[in-house]
Amino acid sequence: MMLSLLWLLPTALAAQPSAPDPISAPLRPLDFGQLNFIHTTDTHGWLAGHLQEPSYSADWGDYVSFTTHMREKAEAQGQDLLVIDTGDRVEGNGLYDSSKPKGIYLSDIVRHQHIDLLTSGNHELYQKNTSEAELLITVPNFRGNYLASNIDIIHPTTKQLVPLAPRFKKFTTKNQGIRIVAFGFLFDFNGNYNNTVVQKVSSTIKEDWFQEAIRDKEVDLFLVIGHVPVHSPEYRAIFKEIRGIRWDTPIQFFGGHQHVRDYAQYDSKAFGLASGRFMETVGFMSIDGLASKTSRQSAAGPVFKRRYIDNNLFSYYHHTDLDRETFPTEKGLNVSRMIAKARTDLHLDQVHGCAPHDLWMSRTKYPDPNSIYTWLETEVLRDLKDESRGDIPRLAIVNTGAMRFDIFKGPFTQDSTFIVSPFTSTFRYVKDVPYDKAQLIVDVLNEQPQVLYETTDESSPTTLAPPEQLAYPEDVIAQKWPSASEQIPLSGPDLVPGYTTQDDAGTDGDDTIHSPISFYRVPNCIRALVSPNASETPKTVDLVYLDFIEKYVILAAKFAGLDVDIAKESDAYMPHVSLTNLILDWVKKNWEC
């Protein structure tokens, strides 16, 4: 295995002034091929990069410069390079969530990246205004490159149900002349607002247009991009449908949604790559041995190679053979300036308090003083009190997926507020619920999730726990996230903790050699009992929960034997207060700097 060691240059600066310098680490090289891809997914507004994590501190402007140089590098060798994004560009960072209306800066920053193919994620469809912004702004910004194979939308002007974007695209690459038919899918999602329709993948692939597209004989590669886990029933169904007609044509999948680095092998000529989350990861794929304009027959067959690139400047310098002087492009620098101005306009560096220590989502066990969920349960939720309900005992339920990122020791800023919990979900409650029934509801949510998603016709319980936990069955999670006690046999300087990915191709996918990080499972939901008399168990409580999980609470209540029509009996609790607001108010009152 070839490794290069890239040493820290103390004068190196990331594009965002407050970003930390990346730390030196041994790096694996990229293997270019006839056709190369650079992939992002689940960026969730993190266009400024990670301002508290050196390994992921490059911003969208740096990414623009990186793809520009990578395309030039490929074309200088007579190869092709395509830039892909597979959705969930919104919700999850102050750059998107703190503006009014949301996202007024984001779309203009994103559009400066040349993206060859992109799709919608589920987060683009939760709200009416978000999906309409996709139709009216993002789709035109990337005209001809945005694909929506199974998403329709009610046009806000004509009121007609129309495709969000073209269903598929056929094109030929610039240099190699590789003929590609591309599709863009969303997983079988049913949490969208009622102005959009997401058709099941299994139905879409039986439609005439799809059947005609996969019967096109002048195709060298089928390219399936989507906001879909690469290990999923949806992608397996697409693979089988194509293979049933074109048994020998290579297929490349790009996926997302589960916030993990992952790679799937479907057969010897079909592979899928998922490239993480939050601009931590930039995925790289290369394919050699494809039929092309010079040879419509490939003797050896295709060779697929993948790499997960840490989103920092030293990785970018290394893979482009450039340095801090030669790497930045004028376009990239302009985008970085746009991000810096937006952050200033939105006051994202405003400090509301200082965390006394790190609080982790998955790097420590729950319950534990260093668990963000323990903190939420024992501290923040105790401030959840509707004055109209007085001192009536309350049992609050929050799904762990409502928390999206760790809290680091030090300043808790306006940006941190939305990074930790960006959602607009407010609280609802049902009064006079027997305490034992309320407890049992939480037990059902945590211990019998199959009851919930089977009843709601969902393929997996994607909306309760953090998505990265749902990526793999429990019996293999230790293989995907090794415990901190495991060691990588490598000489040299101490390794920085980070991704140590194990996927269908082995353990050499990460571009940066890291020491492993612990990963611990958490329940689907946490609970907090707040009662004026802590020494006594209440007979009844106000059952308080986030409105986002109401349908699951309703189902769990039925299985718990609660004879109450929650849909009719529930009411707003602390109206207009979201979990995000609750956390921010608690920080302001309790964390001094």
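Residues numbered from 1 in each chain as written. Predicted model: local features only at pLDDT ≥ 70, side-chain atom pairs only at ≥ 80, totals over all residues. Heavy atoms only, no water.

K.L.:
Teacher, can you tell me more about the sheet that holds strand β22 (residues 540–546) here?
P.N.:
Read across the open sheet, the 5 strands follow the order β21-β18-β22-β20-β23; overall the sheet is mixed. Edge positions in the sheet fall to β21 (525–530) and β23 (571–578), since each of these pairs with one other strand and no more. Direction aside, neighbouring strands of the sheet carry axes that sit 25° apart on average. In terms of strand pairing, strand β18 (residues 394–399) meets β22 through 4 bridges, oriented parallel. Directly across from I397, in β22, lies its bridge partner Y545. (Pairing = 2+ DSSP bridges. Helix = DSSP H or I, 4+ residues; strand = E, 2+ residues; numbered from the N terminus. Axes fitted to C-alpha atoms, helices over the stretch in contact; angles between N-to-C directions.)

K.L.:
Help me understand helix α9 (residues 330–345) in this model?
P.N.:
Because each turn of an α-helix spans 3.6 residues, side chains separated by three or four positions in sequence point in the same direction. In a regular helix each residue adds 1.5 Å, so 16 residues correspond to 22 Å; α9 covers 22 Å between its end C-alpha atoms and thus fits that length. Buried within α9 are the following residues: G332, V335, S336, I339, A342 and R343. Down the axis of α9, the buried side of the element spans an arc of 120°, and every buried residue falls inside it. Along α9, exposed side chains directed more than 90 degrees from the buried face belong to E330, K341 and T344. For α9, the secondary structure elements touched by its buried residues are α1 (60–76), α2 (94–97), α3 (106–110) and α11 (414–420). H347 sits one or two residues past α9 and shows a positive phi near 55°. (Expected span 1.5 Å × (residues − 1). Buried < 20%, exposed > 50% of the residue type's maximum accessible area, 1.4 Å probe, protein only. Arc of directions from axis to C-beta. Contact = heavy atoms within 4.5 Å.)

K.L.:
Explanation requested: the packing of aromatic side chains in the structure shown.
P.N.:
Tallied over the full model, the rule gives 32 aromatic pairs. When the ring of F239 is compared with that of Y266, the centres are 5.6 Å apart and the planes differ by 25°; the resulting orientation is stacked. With F239 in helix α7 (residues 233–245) and Y266 in strand β13 (residues 261–267), the pair connects residues that are 27 residues apart, well separated along the chain. Grouped by ring-pair contacts, the aromatic residues W46, F278, W360, F405 and F408 constitute a single cluster. In this structure, K169 is placed above the aromatic ring of F171, and the distance from its NZ or CZ to the ring centre is 5.4 Å. R306 extends its terminal NZ or CZ atom over the ring of Y263, reaching a point 5.5 Å from the ring centre. (Phe/Tyr/Trp six-rings, centres within 6.5 Å; stacked < 30°, edge-to-face > 60°. Lys NZ or Arg CZ within 6 Å of the ring centre and 35° of its normal.)

K.L.:
Teacher, can you tell me more about the pattern of salt bridges here?
P.N.:
When charged atoms on two side chains of opposite charge get close, those side chains can pair. In the structure shown here, the tally under the stated rule is 31 salt bridges. Residues D508 and R306 are paired through a salt bridge, measuring 3.0 Å at the closest nitrogen-oxygen approach. Here D508 is found in the loop between α14 (477–480) and β21, whereas its partner R306 is found in strand β16 (residues 303–310), with 202 residues between them in sequence. The exposure class assigned to D508 is partly exposed, which follows from its relative accessible area of 33%. With a closest N to O distance of 3.5 Å, R428 and E550 form a salt bridge. Remark: E550 occurs in helix α15 (residues 550–559) and R428 occurs in strand β20 (residues 426–434); sequence separation between them is 122 residues. (Salt bridge = Lys/Arg side-chain N within 4 Å of Asp/Glu carboxyl O.)

K.L.:
Mind showing me how you'd approach empty space enclosed by the protein here?
P.N.:
Regions of empty space are outlined by a rolling probe, equal in size to a water molecule, passed over the atoms. Counted by the stated rule, this structure contains 4 cavities of 30 Å³ or more. Space inside the second largest cavity adds up to approximately 90 Å³. Contributing elements (two or more residues each) for the lining of the second largest cavity: β2 (25–27) and α8 (313–320). (1 Å grid on protein atoms, 1.4 Å probe; cavity = no way out; pocket = protein on both sides within 12 Å on 5 of 7 lines; lining within 4 Å. Points joined across faces, edges and corners; volume = space filled by probe spheres on them.)

K.L.:
Can you help me understand the state of the cysteines in this one?
P.N.:
By definition, a disulfide links the sulfur atoms of two cysteines through a covalent bond. Applying the stated criterion to the full structure yields 1 disulfide. A sulfur-sulfur separation of 2.1 Å characterises the disulfide bridge that pairs C354 with C593. Because the torsion about its S-S bond is 95°, the bridge between C354 and C593 counts as right-handed. In this pair, C354 sits in strand β17 (residues 351–355) while C593 sits in the segment after α17 (579–590), placing the two residues 239 residues apart along the sequence. Look at C593 and you get exposed, because its relative accessible area is 69%. (Disulfide = S-S within 2.5 Å.)

Remember, this is a structural readout, not a statement about activity or role.
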